[in-house]
Structures are given as structure tokens and as C-alpha cells.
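# Coordinate analysis (summary)
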Amino acid sequence: GAGVSQSPSNKVTEKGKDVELRCDPISGHTALYWYRQSLGQGLEFLIYFQGNSAPDKSGLPSDRFSAERTGGSVSTLTIQRTQQEDSAVYLCASSLGTGFEQYFGPGTRLTVT
Amino acid sequence: RKEVEQDPGPFNVPEGATVAFNCTYSNSASQSFFWYRQDCRKEPKLLMSVYSSGNEDGRFTAQLNRASQYISLLIRDSKLSDSATYLCVVTDSGAGSYQLTFGKGTKLSVIP
């Protein structure tokens, strides 16, 4: 079956521009997670959704970051006024519910110039 | 701040060797534990969950020690294809929230 998909796979943007990253989870997975991984670093947990709700947004690095999920399916992560330190791979994962194993998408590599 | 610590390695071992990684976590109330592997420039993939009684999957054995707050991963008869970074994951939930913390990973290189 189809796994988690993310788009775009690569995004190069200029500092100050807004970007939207998209995640399509595995069908039927109620939990969805966003992470970012900088080069050579570990995964940084950003936010998770249970259904369309994000109970805890404290992992988002700044108020320039926001995320939403609609219809219990697709999620978008929006970064406003991008900065060079936002450059990273943004990974999305989904699971049947919280506490279950997560399946990751291939990630979006964001480069802010 | 919840912490998950791993030895970054690298662990360079010959084919056929047995290698073990440990991971320590700071929150004694942590509830779920997993090992993931991540190949270079790829997304993480679940290797195995870690159960309180310990569990084995082929050449891989995972153990949890709640008293000392660490989990371990043992790989027997290492293969070249085991070369990857191994990530320890700890989850915590409560008060309507859910948090996952990934360790920074332990790099393993299996040498012919």
C-alpha cells in the first residue's frame, strides 16, 4: 500500500519568503507528526496531530511556524519569513494512533538562501 | 526538558561481530520505547519496539531497564547491511499531551 508522501521533495527559497510543506499520511492513520533534521543532527520533534487537533504546539521553534491538518488526513507545515537557520530536512510521519510505530515520509529538503 | 542520550559512535565492527548500543532517558515516567534505523540521507525506519520483558527479532535483541532508565539494542552476527545510524526513541504522554524524543543516534559501520 501507499506510504507517507511529502511534497515538494526539495525546496529552495529566498530568505524572508513563506513556504508550505505538505504531508499525506497513510490512509487510516489518525496520528501525524512533523520533525525536522538539520545536517548531521538528530530529529527535532515539532508538532503532532491526533485527528485534526494539535494538543501541544510547544515544539514549534518560533511563531513563524504553524501547521494544520484537515479532514484527518493531509497536513501542511507553513514557515513564514524563512530564515537561513530554517534550512533542514522536514520529515512527516504517521501512525495508527499515538504510541504506535511511526512510518516516515521521505522528507522535504528545505534550503533558505 | 526530557533528554535521550546515545553514544554517537562511530562503532566500527567486522562482519560477524556482536555489537551493543545503549540509550539513557531522563523521564522515569516514559512509556514507550523504540529503536529506529536511519540510512544516510534517508528517512528513519522502525527497527523494533522495546517491551518491558525484552524482545528479540532475528539477530536483534532489545531490552528495557526501567530502574536504570536505559534501553539497549544488541545486534548479533553483524552484516554489512546493518551499517546505519540507530536512533533511540522515547515517548511520554499525559495531561492531554504526547511527546516523542529521539536520541541523536549511534552510527554503526560494519566492515568486511
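Each remark here, short or long, concerns the structure printed above.
Described below are features of the structure shown in this document.

A few words on the overall build of chain B. Counting its secondary structure elements, chain B contains zero helices and eleven strands. Starting at the N terminus and walking to the C terminus, you meet the elements of chain B as β-β-β-β-β-β-β-β-β-β-β. For 112 residues, the compact-globule formula gives about 13 Å, and the C-alpha radius of gyration of chain B, at 14 Å, lands near that figure. Principal-axis analysis of the C-alpha atoms places the extent of chain B at approximately 50 × 30 × 20 Å. Classification of the 112 residues of chain B by burial places 48% in the buried group.

Now for the sheet that holds strand S1 (residues 4-6) of chain B. Pairing between the strands of a sheet comes from backbone hydrogen bonds, and it takes one of two forms, parallel or antiparallel. Residues and elements named next belong to chain B. Here we have five strands laid out as an open sheet, ordered S1-S3-S8-S7-S6, and antiparallel in their pairing. Strand pairing shows two members of the sheet lacking a second neighbour, S1 and strand S6 (55-57), which therefore form its edges. Along the sheet, successive strands turn relative to each other by an average axial angle of 20°, direction set aside. When strand S7 (residues 60-65) meets strand S8 (residues 70-75), the two strands line up antiparallel, connected through six bridges. Each residue of the ladder has a partner; that of Gln-63, found in S8, is Ser-72.

So, about the pairing of strand S7 (residues 75-79) of chain A. Residue and element names in this part refer to chain A. By the criterion of burial, S7 is predominantly enclosed, with five of the five residues buried. Here S7 shows no split at all, with Ser-75, Leu-77 and Ile-79 on one side and Thr-76 and Thr-78 on the other all buried. Sheet topology places strand S3 (residues 19-24) next to S7; five bridges connect them, and they run antiparallel. When the bridges of S7 are listed, Cys-23 appears paired with Ser-75. When strand S6 (residues 65-69) meets S7, the two strands line up antiparallel, connected through five bridges. Bridge pairing links Phe-65 to Ile-79 in S7. Between the antiparallel neighbours S6 and S7 lie five residues, among them Gly-71 with a positive phi of about 60°.

This brings us to the pattern of salt bridges. Residue and element names in this part refer to chain A. Summed over all chains, the structure comprises eight salt bridges over all chains. A salt bridge links Arg-64 to Asp-86; its shortest N-O distance comes to 2.8 Å. Of this pair, Arg-64 sits in the loop between strand S5 (43-50) and S6 while Asp-86 sits in the loop between S7 and strand S8 (88-95), and the two are 22 residues apart along the sequence. With respect to burial, Arg-64 and Asp-86 carry one shared label: buried.

One finds Phe-21, Trp-35, Ile-71, Leu-73, Ile-75, Tyr-86 and Leu-108 of chain B to be the most contacted residues of the largest nonpolar core, which totals 24 residues. Not counting the four nearest positions on each side in its chain, Ile-71 of chain B is found in contact with Phe-21, Asn-22, Cys-23, Tyr-25, Phe-33, Phe-34, Trp-35, Val-50, Gln-63, Leu-64 and Cys-88 of chain B.

Here we take up the sheet that holds S6 of chain A. Residues and elements named next belong to chain A. With antiparallel pairing, four strands are arranged side by side in an open sheet as S1-S3-S7-S6. The open sheet has two free edges, formed respectively by strand S1 (5-7) and S6, since each of these has just one partner strand. Strand after strand, the sheet turns through a mean of 15° between neighbouring axes, direction not considered. Sheet analysis places S1 next to S3, joined by three bridges and oriented antiparallel.

With 16 residues of chain B at the contact, the number on the chain A side is 20 residues. Summed over both partners, the interface of chain B with chain A buries about 1,600 Å², with 55% contributed by carbon and sulfur atoms. Of all residues in chain B, Tyr-98, Leu-100 and Phe-102 of chain B bury the most surface against chain A, accounting for 35% of the area lost on that side. Taken together, chain B and chain A are joined by zero salt bridges. Where chain B meets chain A, there are two residue pairs in polar contact (both at pLDDT 80 or more). Looking at the side of chain B that touches chain A, the element that brings in the most residues is strand S10 (residues 97-102) of chain B, giving five residues. For the side of chain B that touches chain A, the class distribution of residues is eight nonpolar, five polar and three charged.

About the thresholds
Along each chain, the written sequence defines residue order, and numbers are assigned to residues from 1. Here every chain gets a letter starting at A, and every ligand a number starting at 1, in the order they are written. Where local features are concerned, this predicted model is filtered to residues with pLDDT of at least 70; where side-chain atom pairs are given and counted, the filter is 80 or more; whole-chain, interface and lining totals use all residues. Values reported for side chains reflect all heavy atoms of the structure, with hydrogen atoms and water molecules removed beforehand. Going along the chain from the N terminus, every DSSP run of H or I of four or more residues is numbered as a helix, and every run of E of two or more is numbered as a strand. Computation of the radius of gyration draws on C-alpha atoms, with the globule rule given as 2.2 Å multiplied by the number of residues to the power 0.38. Working definition: with a 1.4 Å probe on protein chains only, accessible area under 20% of the residue-type maximum means buried, over 50% means exposed, and in between means partly exposed. We call two strands paired when DSSP finds no fewer than two bridges between them. Axis lines are fitted to C-alpha atoms, over the contacting stretch for helices. Their N-to-C directions set the angle, which ranges from 0 to 180 degrees. Here, a salt bridge means any Lys or Arg side-chain nitrogen found within 4 Å of an Asp or Glu carboxyl oxygen. As used in this record, nonpolar core signifies buried Ala, Val, Leu, Ile, Met, Phe, Trp, Tyr and Cys residues forming a set joined through side-chain atoms within 4.5 Å. Contacts are assigned to residue pairs that have any heavy atoms within 4.5 Å of one another. Buried area is understood as the total, over both parts, of accessible area removed when two parts are fitted together, assessed with a 1.4 Å probe. Under the rule applied, a polar contact is a pair of N or O atoms within 3.5 Å (in protein, one hydrogen donor and one hydrogen acceptor; residues adjacent in sequence only if both atoms are side-chain atoms). Note that Gly is not counted as nonpolar here; it falls among the polar residues with everything else outside the nonpolar set of Ala, Val, Leu, Ile, Met, Phe, Trp, Tyr, Cys and Pro and the charged set of Asp, Glu, Lys and Arg.

Bear in mind that shape data such as this cannot, by itself, settle questions of function.
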